[in-house]
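Listed below, chain by chain, are the residues.
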Amino acid sequence: MIIALGATKGGVGKSTITTNLAVSFQQRGKQVIVVEADPTVRTLSTWKEDRESTGFSPVTVVRQTGNLRDDLRDLDSKYDVVLVDLPGKDSREMRTTATVADLLLIPCQPHQVDIDPTIEMLPIIEEARDFNPDLIVAVVLNRVPTHAWSTRGEDARAVLEESFGTVASTAIHERTVFNTANGIGISVLEATDKKAQHEITALTDNIERLVAHG
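Residues numbered from 1 in each chain as written. Predicted model: local features only at pLDDT ≥ 70, side-chain atom pairs only at ≥ 80, totals over all residues. Heavy atoms only, no water.

*Asks:* Provide a residue-level description of the overall build of the protein, including the pertinent values.
*Replies:* A tally of helices and strands in the protein yields nine helices and six strands. The C-alpha radius of gyration of the protein comes to 16 Å, within 12% of the 17 Å expected for a compact globule of 214 residues. Projecting the C-alpha coordinates of the protein onto the three principal axes gives extents of approximately 45 × 45 × 35 Å. Considering the protein as a whole, with its 214 residues, one finds that 52% of them fall into the buried category. Counting every atom, the protein has about 9700 Å² of accessible surface; 47% of that belongs to carbon and sulfur. (Helix = DSSP H or I, 4+ residues; strand = E, 2+ residues; numbered from the N terminus. Rg over C-alpha atoms; globule rule 2.2 N^0.38 Å. Buried < 20%, exposed > 50% of the residue type's maximum accessible area, 1.4 Å probe, protein only. Areas by Shrake-Rupley, 256 points an atom, 1.4 Å probe, with all protein chains shown as cover.)

*Asks:* Quick one: what's the story with the environment of Ile186, residue by residue and with numbers?
*Replies:* Structurally, Ile186 is set in the loop between α8 (176-183) and α9 (194-213). Judged by its relative accessible area of 7%, Ile186 is buried. Separated by 134 residues in the primary sequence, Ile186 and Glu52 place their C-alpha atoms 9.6 Å from one another. Ile186 has contacts with Trp47, Arg51, Thr54, Phe56, Ala181 and Ala191, leaving out every residue within four places of it along the chain. (Contact = heavy atoms within 4.5 Å.)

*Asks:* Break down helix α2 (residues 43-52) for me, citing the residues and quoting the values.
*Replies:* Along α2, the positions that sit buried rather than exposed are Leu44, Ser45, Trp47 and Arg51. The arc enclosing the buried residues of α2, seen along the axis, measures out at 160°, which places them on a common side. Turning to α2, the residues buried within the fold contact α1 (14-27), β2 (32-36), β3 (60-63), β4 (81-85) and α8. (Arc of directions from axis to C-beta.)

*Asks:* Can you tell me about the pattern of salt bridges, naming the residues and giving the values?
*Replies:* Tallied over the full model, the rule gives eleven salt bridges. Of the charged contacts, one joins Glu208 and Arg28 as a salt bridge, the two residues approaching to 2.9 Å between their closest N and O atoms. Within this pair, whereas Glu208 is found in helix α9, its partner Arg28 is found in the loop between α1 and β2, the two being separated by 180 residues in sequence. The class for Glu208 is partly exposed, based on a relative accessible area of 28%. A relative accessible area of 31% means that Arg28 is categorised as partly exposed. Salt-bridge contacts for Arg157 lead to Glu161; the nearest nitrogen and oxygen are separated by 4.0 Å. You can see Arg157 and its partner Glu161 sitting in helix α7 (residues 152-164), four residues apart, about one turn around the helix. (Salt bridge = Lys/Arg side-chain N within 4 Å of Asp/Glu carboxyl O.)

*Asks:* I'd love a proper account of the environment of Asn67, names of residues and values included.
*Replies:* Within the secondary structure, Asn67 sits in the loop between β3 and α3 (69-76). A sequence separation of 117 residues divides Asn67 from Ile184, and the C-alpha atoms of the two residues are 31 Å apart. Leave out the neighbours within four places in its chain, and Asn67 touches Arg92 and Thr96. From its side chain, Asn67 meets the backbone nitrogen of Arg69 in a polar contact 3.1 Å long. (Polar contact = N/O pair within 3.5 Å; in protein donor to acceptor, adjacent residues only side chain to side chain.)

Written as structure tokens, this is what we have:
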């Protein structure tokens, strides 16, 4: 199963969601590999190195850039779950990955400055489906405010569902633990914030259902 996390805007939380999903799937007994496909940053490589000093179970991270199509097919034959953290822009890595991925998961923050570029990905998705008609695409709302009176999450969901159809039922909220855990090479599943843990577990469930049912 190839799961790509992509967006045409940086800073939406792709890498943080990727690391948490990697640990989540690993805890479910899956053989997981993470592909760091952004040639300009080493966020995941650094997370892996930090993790090696924590004593937690290692997660395999490799760097691959350029045309990823054949590399991902090869990894897919060897691992249960291949997570691809794509550059935060329209890129060769994004376009070639979309031609072989089972799921393109698009993190989007509930702000107009993030929603607009997310909707602008629709032509890229349409082109990818010319080569990969079974590609599943879902948006996941990320860094949603936790204030009880905020409607940003619901408002963003309504707009994105109109454009994409599928928005993950689980939203990831703005919680300090996501940054602190990522900064020391662990997942929120290995920290103490139960709400954050529930969100990652539920998102993993969402992904498994999406891929299973197409």
